[in-house]
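Coordinates in review
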Amino acid sequence: MDLTFTPAEEEFRAELRSWLAAHIPQEWTRAGFWESLGDDESFRLRRDWERDKADAGFAGIGWPTEYGGRGGTPGMKAIYDEEMVRAYAPRTVNTLGLTFLAPTVMAIGTDAQRKEIIGPMLRNEVIWCQGFSEPGAGSDLAALSTKGVRDGDDFVVNGQKVWTTNAVHGDKIFTMVRTEAGSQKHRGISMLLIDMNQPGVTARPLKQMSGASEFGEVFFDDARVPATDCLGEIGDGWRTAMLLLSFERGASGISQYTEFRRQYDEIAAVARKLGRDRDPVIRDELARVLTELECLRLHSMHVLTQVEQGRDLGFEASMTKLQWSETFQDLWEVYDRILGEDATLDTLADGTDLRPMHAQAMWSRSVTIWGGSSQVQRNITAERVLGLPR
């Protein structure tokens with residue numbers, strides 16, 4: 001495991017850190033700022049800021065230069081993730097497109113798809129959603145029922161997707177559709193690229209318990225999509241989906257560690273303000289979760305080392321999702337126990353606003369479900385990494 005970065009990578013860090021310091025307004029770093037904005041205003045600010053960042057050369061860090069990227073090393077991408085968190089940079093509005101779709105298009109897309117998709121996505125001219133989950137197909141993605149019927153050069157699509165991030169702000173959606181009548185499970189599925197700004201596509205927000213509407217549901221009622229807007233082969237969408245999801249699993253977890261470590265310090269500060277840092281049980285729990293965080297850091301550097309050496313992580317990457325999500329949830333469970341009855345308060349006696357931290361605590365309940373539940377990740381690790389029987 002290599003815990004160091006090269007001189008060129010450190011030079012990139014200094015350049016990025018300087019740009020971020022000059023282009024992130026101070027008020028954006030204030031706790032609760034983004035939560036104080038409406039969903040539409042927050043989305044607009046982040047979209048415009050990211051476009052400026054791309055114009056400055058700080059987008060697509062690891063992408064090849066022929067696709068508008070920087071052609072950077074895995075180490076540069078890790079530094080980028082780390083510095084973005086440290087600078088309190090806005091969350092990306094196009095994360096699903098940038099993380100999943102773009103590298104898949106680079107790998108198996110047609111020349112026309114590469115030209116039409118990658119550049120506009122990098123500049124946030126087109127916002128992409130992912131349409132996988134359905135009311136009857138969550139963890140069991142192959143149970144999807146959305147159908148596409150061939151009509152000349154088009155598919156006519158009918159069905160519903162749910163838990164779609166940025167559904168109400170999306171311009172296009174990459175989605176799994178059953179395009180072969182009578183097919184079952186993994187067969188007869190295609191990955192279609194559908195324009196959401198057309199008759200027959202309706203997106204509705206879903207209100208979360210935090211008050212945000214990050215997710216939505218999407219309805220297709222005779223929506224049309226050209227057959228040429230199929231990513232990969234028609235009927236071979238399961239293979240395309242597995243390739244697409246593999247790009248998330250290649251992430252090292254460094255950005256998660258950096259963010260969680262800062263949150264740990266904020267939680268410890270609340271414990272001190274409430275005088276609960278002297279409670280031996282609380283101190284033990286804080287020490288335990290800090291140990292988990294440091295294990296996550298070392299695991300992240302191990303994964304980064306493997307990626308830099310050109311190793312295909314394969315199913316071992318499931319351990320990264322399992323480790324960061326469980327650590328994040330453990331961290332915020334300690335926060336809940338520190339507050340106790342004070343969890344009903346919005347502010348502490350000294351004026352500390354707890355609402356942003358409350359929102360994180362509520363969000364933490366979801367991370368062991370989405371992106372592959374912990375139960376699924378443990379099964380994958382047991383069967384595919386450790387070789388245990390099913």
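As shown above, the structure is provided for reference.
Quick summary incoming for the structure in this document. In this numbering scheme, every chain counts its residues from 1 along its sequence in written order. In view of the model being predicted, local features appear only for residues whose pLDDT reaches at least 70, and side-chain atom pairs are presented and counted only at 80 or more, with totals across whole chains, interfaces and linings using the full set of residues. Hydrogens and water molecules were not included; the side-chain quantities draw on all heavy atoms of the structure.

Two aromatic rings from Phe, Tyr or Trp, using only the six-membered ring of Trp, form a pair when their centres are within 6.5 Å; if the ring planes differ by under 30 degrees the pair is stacked, by over 60 it is edge-to-face, and anything between is tilted. This structure, assessed with the given rule, holds 14 aromatic pairs. Seen in terms of ring centroids, Trp324 and Trp370 are 5.8 Å apart; in terms of plane orientation they differ by 50 degrees. Their pairing is tilted. Separated by 46 residues along the polypeptide, Trp324 in helix H9 (residues 318–339) and Trp370 in the loop between helix H10 (355–364) and helix H11 (374–385) bring together distant segments of the chain. You can call Trp370 partly exposed: its relative accessible area is 31%. Measuring from centroid to centroid gives 5.0 Å for Trp332 and Tyr335, while their planes differ by 75 degrees, and the two rings are edge-to-face. Here a helix means four or more residues in a row that DSSP labels H or I, a strand means two or more in a row labelled E, and each is numbered from the N terminus. Accessibility here uses a 1.4 Å probe with only protein chains present; expressed as a share of the type maximum, an area under 20% marks a residue as buried, one over 50% as exposed, and anything in between as partly exposed.

Taking 1.5 Å per residue as the helical rise, helix H3 (residues 74–86) with its 13 residues ought to reach 18 Å, and the 19 Å between its terminal C-alpha atoms agrees with that figure. Within H3, burial applies to Gly75, Met76, Ala78, Ile79, Tyr80, Glu82, Glu83, Met84 and Val85. Tyr88 lies just past H3 and shows a positive phi near 60 degrees. Expected span of a helix, by definition, is 1.5 Å for each gap between consecutive residues, and there is one gap fewer than residues.

We now examine the pattern of salt bridges. Take a side-chain nitrogen of Lys or Arg and a carboxyl oxygen of Asp or Glu: if they are within 4 Å of each other, that pair is a salt bridge. Summed over all chains, the structure comprises 28 salt bridges. A salt bridge links Arg224 to Asp151; the nearest nitrogen and oxygen atoms lie 2.8 Å apart. Linking Arg224 in strand S7 (residues 215–226) with Asp151 in strand S2 (residues 147–151), this pair joins segments that are 73 residues apart in sequence. Between Arg378 and Glu326 there is a salt bridge, with its nearest N and O atoms 3.3 Å apart.

With that out of the way, let us pick up the side chain of Ser366. For Ser366, the position within the fold is in the loop between H10 and H11. Any N or O atom pair separated by 3.5 Å or less is treated as a polar contact, with the protein-specific requirement of one donor-capable and one acceptor-capable atom, and with residues adjacent in sequence counted only for side-chain atom pairs. Reaching out from Ser366, the side chain makes a polar contact with the backbone oxygen of Trp363 at a distance of 2.8 Å. Within the local environment of Ser366, its side chain forms a polar contact with the side chain of Trp370, the two groups lying 3.2 Å apart.

Okay, the environment of Gln130 next. Relative to the assigned elements, Gln130 resides in strand S1 (residues 128–131). Gln130 gets classed as buried once you look at its relative accessible area, which sits at 18%. Residues Gln130 and Lys172, 42 residues apart in the sequence, show an inter-C-alpha distance of 8.8 Å. What Gln130 contacts, discounting residues up to four positions off in sequence, is Leu96, Phe100, Thr164, Ile173, Phe174 and Leu244. Contacts are assigned to residue pairs that have any heavy atoms within 4.5 Å of one another.

What follows deals with unusual backbone geometry. The residue Trp163 is not glycine, and still its phi comes out positive at about 60 degrees. As for its placement among the helices and strands, Trp163 is situated in strand S3 (residues 154–165). A residue is classified by how much of its surface remains accessible, and Trp163, at 55% relative accessible area, is exposed. At Asp222, a residue that is not glycine, the phi angle is positive and equals roughly 60 degrees. Checked against the element boundaries, Asp222 lands in strand S7.

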